[in-house]
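# Structure assessment
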Amino acid sequence: MPKLATLDFKRQIERDGVPAAAPGIDMDLVRDCIHCGLCLPKCPTFRALHHEGDSPRGRMWQIKEASLGLVAFDDPRFQAHIYQCFNCRACETACPSGVQFGAVMEMARAMTPPQNRRDRMVRRVLLNGLLPHPRRLRIAGWLYRATRAARLPALLRRSGAWKIMPLGKFAAFPPVGDTSPRQAALPALTPAHGTRRARVGLLTGCIQDEMFHGTNRRTARALAQNGYDVVVPSARVCCGALASHAGEAKTAERLAAQTMDAFSGQELDAVIVNAAGCGSNMKEYQLQLRGDPQRQEAG
Ligand code: SF4
Ligand code: SF4
């Protein structure tokens, strides 16, 4: 851990020189920000909170300072500004300098400890304990459909019991998904109808395949009817997007490697993903797998 600075950064830098950047932070990406502020009007947290620290420019500045040891990664104010970011990336589309804000934020979160007990629990239970484990996911998916069929979420909301339950918000306000019973897994290959145009892989995903299995099934059918061979890996994989967004870098890297392996050797022309978040995460495997040059190249 680098020695922390006094607030007189200028004098410290004059005295000690520019500190070495924290490992795990790509300073070239951080330095892409020219602090012009054109992204500020696009940022929902800046528009709501009117605080520079909750703007993309402010966050880039703080990440730079933390990376150089001028602010501690576990400083509660730094943590608050970093975790208040939705990682929605609206700032990226406004940025004239091509800052990869999402990638920088994920690197910063990987260095920033969870803010409180609830965050630690979400990481342990959901991101590490559930999503990477297909069998547990199947049980969770069954529970999700059963509780919705029994109208349990409405009961929890009416009684207010969700407020004192662990993960009560998830139980009382479940995301909307398929309510019909889940059908059998998609076949390893759905062959193209008529003339074959290409061979594609379909990422059925983790939560996605429990909650939107019908969408995956219809996607495979539509692709096949339009001349695509659709390959679904036998190993059910999570792309690692949620782990990556939350700063669980090791879990994200492991899941990225598993996803790469699941599709490798299939001679695919493309990988199709229904969930936009999973798709954009997979496009960044090159960054996430920088510790694994072989898979990084394949990514
Ligand atoms: S990712 Fe979204 S919330 Fe975060 S700084 Fe950019 S625009 Fe704001
Ligand atoms: S992120 Fe881009 S738009 Fe925002 S301040 Fe930096 S360079 Fe300007």
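Residues numbered from 1 in each chain as written. Chains lettered and ligands numbered in written order. Predicted model: local features only at pLDDT ≥ 70, side-chain atom pairs only at ≥ 80, totals over all residues. Heavy atoms only, no water.

## Thoughts on the side chain of T251
To be explicit about the condition: Each helix is a run of H or I in the DSSP string that is no shorter than four residues. Each strand is a run of E no shorter than two, and both are numbered from the N terminus. Relative accessibility decides the category of a residue: with a 1.4 Å probe and only protein chains considered, values under 20% of the type maximum give buried, values over 50% give exposed, and everything between is partly exposed. Contacts: residue pairs with any heavy atoms within 4.5 Å of one another.
Its place among the elements puts T251 in helix α15 (residues 249-263). A residue is classified by how much of its surface remains accessible, and T251, at 7% relative accessible area, is buried. Excluding residues that lie within four positions of it along the chain, T251 makes contacts with L127, N128, P132 and A243.

## Remarks on empty space enclosed by the protein
This is how it is decided: Cavity means a closed set of points on a 1 Å grid over the protein atoms alone, one where a 1.4 Å probe fits but cannot get out, pocket means an open set with protein on both sides within 12 Å along at least 5 of 7 lines, and lining means a residue has an atom within 4 Å of a point. Grid points are joined across faces, edges and corners, and a volume is the space filled by probe spheres set on the points. Each residue is assigned to one class: nonpolar for Ala, Val, Leu, Ile, Met, Phe, Trp, Tyr, Cys and Pro, charged for Asp, Glu, Lys and Arg, and polar for all the others, Gly among them.
Going through the model one piece at a time under the given rule, you end up with three cavities of 30 Å³ or more. Of the pockets and cavities examined, the largest cavity occupies roughly 110 Å³. Only α4 (56-67) and α6 (90-94) provide two or more residues apiece to the lining of the largest cavity. Take the lining of the largest cavity: its biggest share by element is three residues, from α4. Quantified by volume, the second largest cavity comes out at close to 70 Å³. As for the second largest cavity, its lining consists of C43, P44, T45, P56, R59, C85, F86, N87, C88, R89, C91 and F101. Counting only elements with at least two residues in the lining of the second largest cavity, the list comes to α3 (44-49) and α4. Across the lining of the second largest cavity, the residue classes break down as eight nonpolar, two polar and two charged.

## A word on the domain arrangement of the protein chain
Put simply, the rule reads: All the domain ranges listed were derived from an automatic or database domain assignment.
Domain assignment breaks the protein chain into domain 1 (9-113), domain 2 (118-172) and domain 3 (189-298). A C-alpha centroid distance of 32 Å is found between domain 1 and domain 2.

## Observations regarding the site of ligand 2
What counts is decided by this rule: Whether a residue is near a molecule or strand depends on its heavy atoms: it is near if one of them lies within 4 Å of it. Any molecule with more than half of its atoms within 2 Å of a cavity's or pocket's grid points is counted as sitting in it.
Close to ligand 2 lie C33, I34, H35, C36, G37, C39, R57, C95, P96, S97 and V99. At a threshold of 2 Å from the grid points, most atoms of ligand 2 map onto the largest cavity. A class-by-class count of the residues in the shell around ligand 2 yields seven nonpolar, three polar and one charged.

## Describing the pairing of strand β2 (residues 198-203)
In plain terms, the rule: By this definition, two strands are paired if DSSP reports at least two bridges between them.
The element β2 is largely enclosed, with a buried count of six among its six residues. Here β2 shows two buried faces, one formed by A198, V200 and L202 and the other by R199, G201 and L203. Two strands pair when backbone bridges link them, and β2 and strand β4 (residues 270-273) are joined in this way by four bridges, in the parallel orientation. The residue of β4 that forms the bridge with G201 is V271.

## Focus on the site of ligand 1
With respect to spatial proximity, 13 residues lie near ligand 1, and among them C43, C85, C88, R89 and C91 are the closest. If you map ligand 1 onto the pockets, it falls in the second largest cavity. For the shell around ligand 1, the elements supplying multiple residues, two or more each, are α3, α4 and α6. When its residues are assigned to classes, the shell around ligand 1 shows nine nonpolar, two polar and two charged.

## Considering the nonpolar core
Put simply, the test is: In plain words, nonpolar cores are sets of buried Ala, Val, Leu, Ile, Met, Phe, Trp, Tyr and Cys residues tied together by side-chain atoms within 4.5 Å.
Grouped together as the largest cluster of nonpolar side chains are 27 residues, with contacts concentrated most on I25, V30, M60, I63, F78 and F101. Where this core is concerned, the elements lending two or more residues are α2 (27-31), α4, α5 (76-83) and α7 (101-111). Among the elements that take part in this core, α7 stands out by supplying six residues, more than any other. The residues contacting V30, other than those within four sequence positions of it, are I25, M60, I63, K64 and V104. Ranked by size, the runner-up nonpolar core spans 13 residues in total, among them A256, A257, M260 and A262.

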